[in-house]
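Take a look at the letters that make up each chain.
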Amino acid sequence: MSFDVQAVRAQFPILSQQVDGKPLIYLDNAATTQKPQAVIDALMSFYTQTNANVHRGAHKLSDEATRRYEKARDQVAAFINANSREEVIWTAGTTEGINLVAHGLAKQLEAGDEVVVTEMEHHANLVTWQQACIQSGATLRVAPIFDNGELDIETFQSYLGPNTRMVAFPHVSNALGTLNPVKDLVAMAKRYDALVLVDGAQGIAHGGVDVQDLGCDFYAFSGHKLFGPTGIGVLWGRRSVLEDWPVWMTGGEMIAEVSYQSASWGALPLRLEAGTPHIAGAIGLGAAVEWFGSLDLAAVQAHEKALIESAMLQARNIEGMRLIGTAPNKVGILSFVMDNAHPADIGFILDRQGVAIRTGDNCAQPLMNRLGINGTARASFSLYNTLDEVDAFFVALRKAQSMLA
Amino acid sequence: MALPSSEEIIEDLAFFDDWEQRYQYIIDLGKALPRLQDEQKTPERLVKGCQSSVWLVTSVNEGKLHFDADSDAVIVHGLLALVMAAYNDKTPQQILDFDIDGYFEALDLERHISPTRGNGLRSIVGKIQTLAKQTA
Ligand SMILES: Cc1ncc(COP(=O)(O)O)c(C=O)c1O
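Residues numbered from 1 in each chain as written. Chains lettered and ligands numbered in written order. Predicted model: local features only at pLDDT ≥ 70, side-chain atom pairs only at ≥ 80, totals over all residues. Heavy atoms only, no water.

**Remarks on the site of the ligand**
All names here are of chain A.
Point 1. Taken together, T94, T95, H122, A124, N174, D199, A201, Q202, S222, H224 and K225 make up all the residues around the ligand.
Point 2. Between T94 and the ligand, the recorded distance is 3.4 Å, taken from a backbone N or O atom to an oxygen atom.
Point 3. Partitioning the shell around the ligand into residue classes produces two nonpolar, seven polar and two charged. (Near = heavy atom within 4 Å. Polar contact = N/O pair within 3.5 Å; in protein donor to acceptor, adjacent residues only side chain to side chain. Nonpolar A, V, L, I, M, F, W, Y, C, P; charged D, E, K, R; others polar.)

**So, helix α7 (residues 121–135) of chain B**
Residues and elements named next belong to chain B.
Point 1. Taking 1.5 Å as the rise per residue, α7 with 15 residues should run 21 Å; its terminal C-alpha atoms sit 21 Å apart, in good agreement.
Point 2. Of all the positions in α7, only L121, I124, V125, I128, L131 and A132 are classed as buried. Looking down the long axis of α7, one finds its buried residues gathered within 125° of arc, a one-sided arrangement. Of the exposed residues in α7, the ones pointing more than 90 degrees away from its buried face are K133 and Q134. (Helix = DSSP H or I, 4+ residues; strand = E, 2+ residues; numbered from the N terminus. Expected span 1.5 Å × (residues − 1). Buried < 20%, exposed > 50% of the residue type's maximum accessible area, 1.4 Å probe, protein only. Arc of directions from axis to C-beta.)

**A look at the environment of A124 of chain A**
Residues and elements named next belong to chain A.
Point 1. As for its position among the elements, A124 is in the loop between β5 (114–118) and α5 (127–136).
Point 2. The buried category is assigned to A124, whose relative accessible area is 11%.
Point 3. C-alpha of A124 to C-alpha of G97: the two residues are 27 residues apart in sequence and 9.7 Å apart in space.
Point 4. Once residues lying within four places of it in the same chain are set aside, the contact partners of A124 are T95 and I98. (Contact = heavy atoms within 4.5 Å.)

**Examining the packing of aromatic side chains**
Point 1. All chains considered together, the criterion is met by 20 aromatic pairs over all chains.
Point 2. Consider the rings of F336 of chain A and F393 of chain A, whose centres lie 6.1 Å apart with planes at 70°: the pair is edge-to-face. Taken together, the positions of F336 of chain A in strand β14 (residues 333–338) and F393 of chain A in helix α14 (residues 387–404) put the pair 57 residues apart, joining distant regions of the chain.
Point 3. Relative to Y23 of chain B, the ring of W19 of chain B has its centre 5.9 Å away and its plane inclined at 85°; by these criteria the two rings are edge-to-face. Highlighted residues: W19 of chain B and Y23 of chain B, both in helix α2 (residues 19–32), separated by four residues, approximately one helical turn. (Phe/Tyr/Trp six-rings, centres within 6.5 Å; stacked < 30°, edge-to-face > 60°.)

**Things to note about the domain arrangement of chain A**
All names here are of chain A.
Point 1. Domain annotation of chain A identifies domain 1 (5–30 + 296–404) and domain 2 (41–293).
Point 2. The gap between the C-alpha centroids of domain 1 and domain 2 is 28 Å.
Point 3. Facing the 30 residues of domain 1 at the interface are 29 residues of domain 2.
Point 4. For the pairing of domain 1 and domain 2, the buried interface totals around 2,400 Å² over both sides, and the portion due to carbon and sulfur atoms is 58%.
Point 5. Linking domain 1 with domain 2 are two salt bridges, by the criterion used here.
Point 6. Salt-bridge contacts for R370 lead to D147; the nearest nitrogen and oxygen are separated by 2.9 Å.
Point 7. Here domain 1 is connected to domain 2 by 18 residue pairs in polar contact (both at pLDDT 80 or more).
Point 8. Elements with a minimum of two residues in the side of domain 1 that touches domain 2: α11 (297–315), β14 and α13 (365–371).
Point 9. Here the side of domain 1 that touches domain 2 gets six residues from one element, more than from any other, and that element is α13.
Point 10. Along the lines of polarity and charge, the residues of the side of domain 1 that touches domain 2 split into 17 nonpolar, nine polar and four charged. (Domains from an automatic or database assignment. Buried area = accessible area lost by both parts, 1.4 Å probe. Salt bridge = Lys/Arg side-chain N within 4 Å of Asp/Glu carboxyl O.)

**Considering the interface of chain B and chain A**
Point 1. At the junction of the two partners, chain B supplies 17 residues and chain A supplies 16 residues.
Point 2. Between chain B and chain A lies a buried interface of about 1,600 Å² when both sides are counted; carbon and sulfur atoms form 56% of it.
Point 3. In this structure, the connection of chain B to chain A is made through one salt bridge.
Point 4. A salt bridge links E20 of chain B to K399 of chain A; the shortest N-O distance between them is 2.9 Å.
Point 5. Seen at the junction of chain B and chain A, the total is four residue pairs in polar contact (both at pLDDT 80 or more).
Point 6. Counting residues per element, the ones that place at least two in the side of chain B that touches chain A are α2, α3 (74–87) and α6 (110–113) of chain B.

**Considerations on the nonpolar core**
Point 1. In this structure, I80, Y219, L226, F227 and L383 of chain A are the most contacted members of the largest nonpolar core, which totals 78 residues.
Point 2. Of the residues forming this core, the biggest block, ten residues, is contributed by helix α10 (residues 279–293) of chain A.
Point 3. Ranked by size, the runner-up nonpolar core spans 69 residues in total, among them I25, I357 and F393 of chain A together with I75 of chain B. (Core = buried A, V, L, I, M, F, W, Y, C linked by side-chain atoms within 4.5 Å.)

**Concerning the pairing of strand β7 (residues 164–170) of chain A**
All names here are of chain A.
Point 1. Burial runs high along β7: six of the seven residues are buried.
Point 2. By the bridge criterion, three bridges tie β5 to β7 in an arrangement that is parallel. Residue V116 lies in a different strand from β7, and its bridge partner there is V167.
Point 3. Each parallel crossover has a hand, and for β7 linked through helix α7 (residues 182–190) to strand β8 (residues 195–199) it is right-handed. (Pairing = 2+ DSSP bridges. Right-handed = clockwise from strand over helix to strand, strands pointing away.)

**Overview of the sheet that holds strand β1 (residues 46–48) of chain B**
All names here are of chain B.
Point 1. One open sheet holds the three strands; their spatial order is β1-β2-β3, and the pairing between them is antiparallel. Looking at which strands have only one partner, the edges of the open sheet turn out to be β1 and β3 (64–71). Across this sheet, the average inter-strand angle for adjacent strands is 25°, counted without regard to direction.
Point 2. Note: strand β2 (residues 53–61) against β3, eight bridges, orientation antiparallel. The partner of N61 across the bridge, within β3, is K64.
Point 3. Relative to β3, α3 is tilted by about 175°, and along the sheet it contacts β2 and β3.
Point 4. Contacts from α7 reach β1, β2 and β3, with the element oriented near 20° to β2. (Axes fitted to C-alpha atoms, helices over the stretch in contact; angles between N-to-C directions.)

**What to know about the sheet that holds strand β9 (residues 218–222) of chain A**
Residue and element names in this part refer to chain A.
Point 1. Read across the open sheet, the seven strands follow the order β4-β10-β9-β8-β7-β5-β6; overall the sheet is mixed. Strands with a single pairing partner mark the edges of an open sheet, and in this sheet they are β4 (88–91) and β6 (139–143). Taken pair by pair, the neighbouring strands of this sheet meet at an average axis angle of 20°, ignoring direction.
Point 2. With five bridges connecting them, β5 and β6 associate as parallel partners. Note that in β6 the partner of V116 across the bridge is R141.

**Brief notes about a negative patch on the surface**
Point 1. Negative charge collects at one region of the surface, where E7, E8, E11 and D12 of chain B lie side by side.
Point 2. Along the chain, the position of D12 of chain B falls in helix α1 (residues 6–15). (Patch = residues over 30% accessible without salt bridge, like charges linked within 9 Å, V, L, I, M, F, W, Y side chains within 5 Å. Areas by Shrake-Rupley, 256 points an atom, 1.4 Å probe, with all protein chains shown as cover. Lys, Arg positive; Asp, Glu negative; His and termini not counted. Charge placed at Lys NZ, Arg CZ, Asp CG, Glu CD.)

Here is the structure:
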């Protein structure tokens, strides 16, 4: 197999549109990715042919809806190499998955316990643990990064100890692009029997996630950053940990028996999935992992590497452009600031040229403070971007630079 | 250049037919809008958007409202100049009667003032309107 970027692009209807009369150049993939026709078709087919609630109907539509919905769980389990389908918990996204774990942990933490995160966290993987610590009296320890955006592993390691209960870090940083050595970090935490959660929001679409191989206890990601619908995500958890993890939300679907005064919880995965789930979303995500899984991963990764390398190289020729995040292991994300040009202004002028990027604090205010900046402009690439688009981005950027001079 | 009136701005912008000239005009307008002193940029005056920050200083002068505003982004500063041209040194009633959405539409800039753009402009307009209501 190999990788034909034009053939892949052709499967994404949105990419052929024009913005203000110019071809759309979509470089905001870290915020959300676009959807291939296969995912759109799966959603359409669900709503036009089998829409019904799951696990409860006494009729054919409900049986079919349940079958497709649970098949999606199998597809995701296979995609991340879960031990079993029961380890795949549907959530609304990464944020909800981390909250599910953090709320459960808050009930178990005590003063003296420690939770370790890193300086490069997205708010979703920071505020959650920070609040769990505030509620329980535990201590949050924030492992530092170097100025290039790489984790200071030695110091990270020195923060681990017998009091460490949870270690949480991103697979890939959304603001910096840093790819963390997940397996190594997990192994360090496991020396102290700490639980480990990996924020996989940005890592999952990089491909090749094998949760058994990583050795962590939780891996959370969002469907919408993996070519799937918004509003659906996955919390993968190790069965032995999930089985008696405190329930967070209660209600229908998740119970075994209920009286007016008490209730008992059902089995995994439903015990952690209260209420009617996002059925269409799960089916759409199933289609997304099926689609993504059918690509030649090595070729996809080589293509993505070519994109970021071309971008890093061209950035060197732009006077006054400073890259934020230059760790040697870096994927997909070009964050930068410019002398004499505010990120918001750059964003405005790129937008007028059809180039979509993100500007601002990247949902990582403490990280921006740590780096001594207010925010960045961020171009983020996905497998359907082309080298021509990288070039066009720099043409647009030069124009912004000259207009703002 | 001195800051033109809102009517003049609508006329000027109608004259340009490409986006580059329009944006250049907005950037130049921003240059005509005086910057605040650093000590005027207090936290109470800060309206933090998620992409850029703006500061608003208000005062009342013989029944008319006066505003000084600043932003760390030059296009937002230019858009502030557009807002200042519409509102500055007007009576509260004149401010409340002014159709700001229509104004931005006439300028073909409505996407900059929409609540979905986190640049703080919408909040500035809200603050000005609230103050006008309180003083009217
Ligand atoms: C690293 C990281 N963590 C968590 C999240 C939160 O994801 P969601 O908003 O889909 O829940 C994001 C999204 O931007 C992210 O990039």
